[in-house]
Amino acid sequence: MEEKRYLSKHKVIIEKRQKALITGVIEVMSFDDEEIATETEMGTLIIRGSNLHVNSLNIEKGELEIDGQVDSFNYEDNSVKSKSNILGKIFR
C-alpha cells in the first residue's frame, strides 16, 4: 500500500531575486546552475536563472530552498500543456 504524504500548502517566497523558499514540493526532477525543475502540489514548477544552487531540500516537509539569480518561475500543468501545444501549433 502506497503511503501518502501530507505536505504543507504550496508557497513561494522570493527575497531580492537572490533566494527563494518553496513549500509544497513533492520532488526535484532535475537541477543545474540555470534551471531547477520541481514537482509541487500545484504542478511542475520550472525556476530559471543563473548560478542557481539548491541549499536545502526536505521532501518530508516539502521544502526547497535555493539561491542564485532568479529570472523566472514557470508552472506547467500536464492537462493545460497538451491543450496549449495544440494551440501553439495552430498559431505558428
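Residues numbered from 1 in each chain as written. Predicted model: local features only at pLDDT ≥ 70, side-chain atom pairs only at ≥ 80, totals over all residues. Heavy atoms only, no water.

(A) Main features of the overall build of the protein chain. Assigned secondary structure in the protein chain consists of 1 helix and 6 strands. From first element to last, N terminus to C terminus, the protein chain shows the α and β order β-β-β-β-β-β-α. Counting over 92 residues, the protein chain shows a buried share of 24%. For the protein chain, long-range pairs separated by at least 24 residues make up 43% of all intrachain contacts whose partners lie at least 6 apart in sequence. If you sum the accessible surface of the protein chain, you get close to 6800 Å²; carbon and sulfur atoms cover 50% of it. (Helix = DSSP H or I, 4+ residues; strand = E, 2+ residues; numbered from the N terminus. Buried < 20%, exposed > 50% of the residue type's maximum accessible area, 1.4 Å probe, protein only. Contact = heavy atoms within 4.5 Å. Areas by Shrake-Rupley, 256 points an atom, 1.4 Å probe, with all protein chains shown as cover.)

(B) Looking closely at the sheet that holds strand β5 (residues 43-58). Spatially, 6 strands are ordered β1-β2-β6-β5-β4-β3 in an open sheet, and the strand pairing comes out antiparallel. Edge positions in the sheet fall to β1 (11-15) and β3 (25-31), since each of these pairs with one other strand and no more. Strand-to-strand, the axes of this sheet are offset by a mean angle of 35°, without reference to chain direction. Pairing geometry for β3 and strand β4 (residues 35-40), over 5 bridges, is antiparallel. Paired with Ser30 across the strands is Ala37, a residue of β4. (Pairing = 2+ DSSP bridges. Axes fitted to C-alpha atoms, helices over the stretch in contact; angles between N-to-C directions.)

(C) Spatial organisation of the pairing of β1. Summarising the sheet, β1 and strand β2 (residues 19-23) pair through 5 bridges and their orientation is antiparallel. Along β2, the bridge assignment pairs Val12 with Ile22. Between β1 and β2, which pair antiparallel and follow one another directly, the connecting turn spans 3 residues, one of which, Lys16, has a positive phi of 55°.

(D) Region of the structure containing the pattern of salt bridges. Within the structure shown, the criterion is met by 2 salt bridges. For Asp71, the salt bridge identified is with Arg17, shortest N-O distance 3.2 Å. Taken together, the residues Asp71 in strand β6 (residues 63-76) and Arg17 in the loop between β1 and β2 connect sequence positions 54 residues apart. In this structure Asp71 comes out as partly exposed when scored by relative accessible area, which is 47%. By relative accessible area, Arg17 is classed as partly exposed at 44%. When the shortest N-O distance is used, the salt bridge between Arg48 and Glu35 registers 3.0 Å. One end of the pair, Arg48, is in strand β5; the other, Glu35, is in strand β4, with 13 residues separating them in the sequence. Overall, Arg48 belongs to the partly exposed group, its relative accessible area being 33%. (Salt bridge = Lys/Arg side-chain N within 4 Å of Asp/Glu carboxyl O.)

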